[in-house]
Amino acid sequence: MPNPVGAVSLLSTGIVEIRRQHVESDGSPLLWWLLTARDWSGPRPINVYVIEHEQGLVLFDTGQDRASVTDPNYFPGGIPGFLYRRLARFEIGGRETLTQRLVGLGYDIADVRWAVLSHLHQDHIGGLRELKHAEIIASAAEWASLNRPDAALQGLMRRHIDLPGLSWRLLQFPSGQGEPIGPFDSSYDLFDDGSLVLVPTPGHTPGSVSLLVRREGKPPLLMVGDVSYAEDLLRRERIPGIGKRKGLLATTRAINTLRAAYPDLVILPAHDPGAADRLAAAGGADLRARNDSQPFGGSGPRGTGHQNH
Ligand SMILES: [Zn+2]
């Protein structure tokens, strides 16, 4: 079987800090900890995964928009705006946009042909403005959440998502569709070659999806968005504080069950400080260029220099 997947790397569009109960639920209700938390979790990455496929460059998630720290009107006003400020704080430098970070990896934003969104929260949709030439892929269930009357309170800012000029592909996951992937009974194969396969992983949001990347001779990768904020928490079935508990637990268990089929599976959450090192150790290090300014180490093991391929 030919290997359609080339280098897999990651970049981070700045850093985010969230609350302890957001990283790992302590059972208290969301509104309680959101209003009472005093401390922040320490800096975490806002990962965008960059996958070279023989048909073109694919992104998994698009990061946080720098406008969110420079434009006072980026967030909604009133109570939703207050809650967004309590939820997370961001630091995004002038060279930490999606476009600039891709340059740091040796790519041009124009190279991106597809961007898959794990879900539609702010720190995953931030690059959409820069991707009008690409096709944007998300789940239909996630898109449907945009129409909820409380969408803004659910973390969905429609005016930064439903942008003019974007082309969307919205996926359904009816039971029995596609290849069963371990305990997942429906899937969507992006290129019909088995290399990049999406599975529904609801819980954090109703329409969250994860991306399985299968590569010849290298461990498979599972990019999980915000199903978890740290691989070790996911392994111990500790769930984050945002989302529906039942769905998060079921998805977490399904992912852990998937390890039976893929014992060397590498789990890559969007905001896991350990993700860059795990990706590098899994042979995701075929970097075309190193990016030393990445706060979480870029995706190459430090000191390897760069490899052409
Ligand atoms: Zn999220």
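As shown above, the structure is provided for reference.
The notes below deal with the structure included here. (Residues numbered from 1 in each chain as written. Predicted model: local features only at pLDDT ≥ 70, side-chain atom pairs only at ≥ 80, totals over all residues. Heavy atoms only, no water.)

Okay, helix α9 (residues 245-261) next. Helix length check: α9 (17 residues) gives 25 Å between terminal C-alpha atoms against 24 Å at 1.5 Å per residue, within 8%. Within α9, burial applies to Leu 248, Leu 249, Thr 251, Thr 252, Ala 254, Ile 255, Asn 256, Leu 258 and Arg 259. Here the buried face of α9 lies against β11 (218-225), α8 (231-235) and β12 (266-269). (Helix = DSSP H or I, 4+ residues; strand = E, 2+ residues; numbered from the N terminus. Expected span 1.5 Å × (residues − 1). Buried < 20%, exposed > 50% of the residue type's maximum accessible area, 1.4 Å probe, protein only. Contact = heavy atoms within 4.5 Å.)

The tally for this structure, following the rule as stated, stands at 4 aromatic pairs. Ring geometry for Tyr 74 versus Phe 75: centroids 5.2 Å apart, planes at 80°, classification edge-to-face. Chaining the aromatic ring pairs together yields one cluster made of Tyr 74, Phe 75 and Tyr 84. (Phe/Tyr/Trp six-rings, centres within 6.5 Å; stacked < 30°, edge-to-face > 60°.)

Quick look at the sheet that holds strand β10 (residues 209-215) now. If you walk across this open sheet you meet the 5 strands as β8-β9-β10-β11-β12, and the pairing is mixed. Only two strands of the sheet have a single partner each, and these edge strands are β8 (188-189) and β12. Note that β11 and β12 share 4 bridges and pair parallel. Bridge pairing links Gly 225 to Pro 269 in β12. (Pairing = 2+ DSSP bridges.)

Moving on, we come to the sheet that holds strand β3 (residues 56-60). The strands making up a sheet associate through hydrogen bonds between their backbones, and the pairing can be parallel or antiparallel. In space, the 7 strands of this open sheet follow the order β4-β1-β2-β3-β5-β6-β7, with mixed pairing throughout. Only two strands of the sheet have a single neighbouring strand rather than two, namely β4 (88-91) and β7 (167-171). Neighbouring strand axes in the sheet, compared pairwise and without regard to direction, differ in orientation by 30° on average. The sheet contact formed by strand β1 (residues 5-18) and strand β2 (residues 44-53) spans 8 bridges and is antiparallel. When the bridges of β2 are listed, Val 8 appears paired with Ile 51. (Axes fitted to C-alpha atoms, helices over the stretch in contact; angles between N-to-C directions.)

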